[in-house]
Amino acid sequence: MTTARKNGDPPSKESLIQLAYGLVVGPEGFETLFDALQVHQADILDTAFSEEADDAPGLRQGQLDGLADLEAHFENALTLLRSQGRRKLSASSAIRTLNASIKPAMTLSGRGEVLHANPAAESLFGLSGTGRLDPAQFETGHHAELLDHLGRLETQPENTILTILGFHPADDGGLVKMSLSRTTGWQGRPVGLLSALHISWYPDVGQRFRDMMKLTKAELQITRAIVTGLPLSAVAEQRGSKLSTVRNQTKALLKKLGVRSQTELACLYSGFSRYSLESTPQTEGAAAQTVPPTALMVGRGHVIDYTVAGAPRGRPVLYLPGMLGGRVVTAALHAALLRHNVKLVMPWRPGFSKSYNSEPSADPFRDTARETETLLDALSLPRVPVVGQMTSAMHAFAAAHHLPGRIAAVVALAPGLPTVRGPHLRHIGAAQKLRSFLSREAPRVGRLIAHGFLSRVDAGYDVEFIRHYLKDSRTDLEFTRQAETIEAFRTAYEDTHCQGYDGFIDELGLFGSDWHHLFQGLECPIRFFVGEEETAFPPAAVDRFAQTLPTATMEVVPRTGHLIAYEAPDRWLSHLASLPD
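(A) Here's a closer look at the pattern of salt bridges. Within the structure shown, the criterion is met by 22 salt bridges. Across the pair Asp-502 and Arg-82 runs a salt bridge whose closest N-O atoms are separated by 3.4 Å. Of the two residues, Asp-502 sits in helix α21 (residues 502–511) while Arg-82 sits in helix α4 (residues 65–83), which places them 420 residues apart along the sequence. Taking the relative accessible area as the measure of exposure, Asp-502 reaches 47% and is therefore partly exposed. In this structure, the salt-bridge partner of Arg-366 is Asp-363, at a minimum N-O distance of 3.8 Å. Salt bridges linked by common partners bring Arg-96, Asp-462, Glu-487 and Arg-490 together as one network.

(B) Examining the pairing of strand β15 (residues 552–557) more closely. Taken together, the six bridges between strand β14 (residues 526–531) and β15 define a ladder with parallel strand orientation. Residue pairing for β15: Arg-527 is matched across the bridge by Thr-553. With respect to chirality, the unit in which β14 leads through helix α22 (residues 539–546) into the neighbouring parallel β15 is right-handed.

(C) How the structure looks around the packing of helix α1 (residues 13–25) against helix α2 (residues 30–40). Direction vectors running N to C along α1 and α2 enclose 155°, while the axes themselves pass 9 Å from each other. Relative to α2, the element α1 lies roughly antiparallel. Seen along the crossing, α1 lies across α2 with a hand that is left-handed. Residues Lys-13, Leu-16, Leu-19, Ala-20 and Leu-23 of α1 pack against Phe-30, Thr-32, Leu-33, Ala-36, Leu-37 and His-40 of α2. Its residues assigned to classes, the contact of α1 with α2 comprises eight nonpolar, two polar and one charged.

What counts, and where the lines are drawn
- Residues numbered from 1 in each chain as written.
- Predicted model: local features only at pLDDT ≥ 70, side-chain atom pairs only at ≥ 80, totals over all residues.
- Heavy atoms only, no water.
- Salt bridge = Lys/Arg side-chain N within 4 Å of Asp/Glu carboxyl O.
- Helix = DSSP H or I, 4+ residues; strand = E, 2+ residues; numbered from the N terminus.
- Buried < 20%, exposed > 50% of the residue type's maximum accessible area, 1.4 Å probe, protein only.
- Pairing = 2+ DSSP bridges.
- Right-handed = clockwise from strand over helix to strand, strands pointing away.
- Axes fitted to C-alpha atoms, helices over the stretch in contact; angles between N-to-C directions.
- Parallel < 35°, antiparallel > 145°, perpendicular 65-115°, else oblique.
- Left-handed = near helix turned anticlockwise from the far one by under 90°.
- Contact = heavy atoms within 4.5 Å.
- Nonpolar A, V, L, I, M, F, W, Y, C, P; charged D, E, K, R; others polar.

Listed below in structure tokens is the structure:
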């Protein structure tokens, strides 16, 4: 099986280095860098993941030399990134940032297509998701001006207002001023940011504007209406005069001030007011709250952070969270836990949430087993099944390997598998091959990739990441469109990575290592649950791997993907409930 390549020659080493240093400026180029690495390393990946034999595949002499040259530059870029700290919610074009604003705002492509509109903009413009804006609702010539600026985004200055446009909502006779600026989209390409321009009206500033421009009382009233977006019909109603009269007065006012439109008048007033007032920007939105933990003090410098969810008197099950979703318990999962009378005990590993171990041993898997045993002893749980989700499946197998008397069974959900040798390797998804390979063979490159990924989420591109990561699963995409899902995942992310990025980076490095030994001598029952739409470790890969384990069975769950734990909770919980005590 040959790794798919894009059209054209593979990216040069110099372009990869440039992309790596580009992450220091902003996380938007992460996906471009990852895709370029996948093409650049295509031959190596084909060799490393094409073996059918049980022996570890060998790499030809010199194949890793190029990676060694890259690693020094990638390490320098990572050092620069770390020196900047965590830049939270810095992306103005992120869906999260747009949706947090109470002002109408949207992003537009260079062709004028709406990429994303926040709820306020959808209501104002009469949009439903993506689409195009109605030229008839703009002031004369303003829609053409908008398209002209969008068509020249590549040459426009960034984060500077390019123009002010006037827009008439369909159900209102007022005027909304919209500012257009260039910003960077989540994939590193320039996009247009169109947002409502709110201009506050202060009586003393208005009076100074009237004095300087020599306006009449009626003209000042019209000026205030235009600046604040009040329809001219409302002015006519307040005066008890005809709308045509107010419109004629407005035309005379624009001529008097030497401006061509109501929007230009609003801009004139806005510029005047800047010299009269000092404003303090306000941060919109609120930080998500973290999941309340229970801390088990193991010893000096060693804490196990865990939570409990489900039926209070239900069957206890050790649940090791995955890095995507963490300890999220959706309403559907909670209801299923009650139906099957199951109680999940969910501890985090050191480096995640509030768990930490200041003196780890040289064997992380043995540390997992010791912490598991300590937690089970503290909770008076003699023997339990363990559930591993995604990369945490390796820790579930570590617990079963080292504690055969305490682990009754292993359930692996959307499981990560060893990626060093075995007949399942050729079936692993292309992106997963690259992540595992870099973690093992070029750890300094792998660390920058992991850091860049989290930097992008921190910047606010969480929705974009989730949709891109899960793009090949229709069920996953539908599930993540639910508001409850996004908010729960955001809260879980803040909880999971509150200590920084090291836990995540170390987990990926450990996952890329050789952990086949954890399956030696396992006698407890093992059940793999994999979604039919899973792409990282698809059903074919899990099936080939499960065939090598004498106590393992596999179940492919229809209409589920990577988030099978949340999409089909009854499937794996009913299996847990059926296990003998």
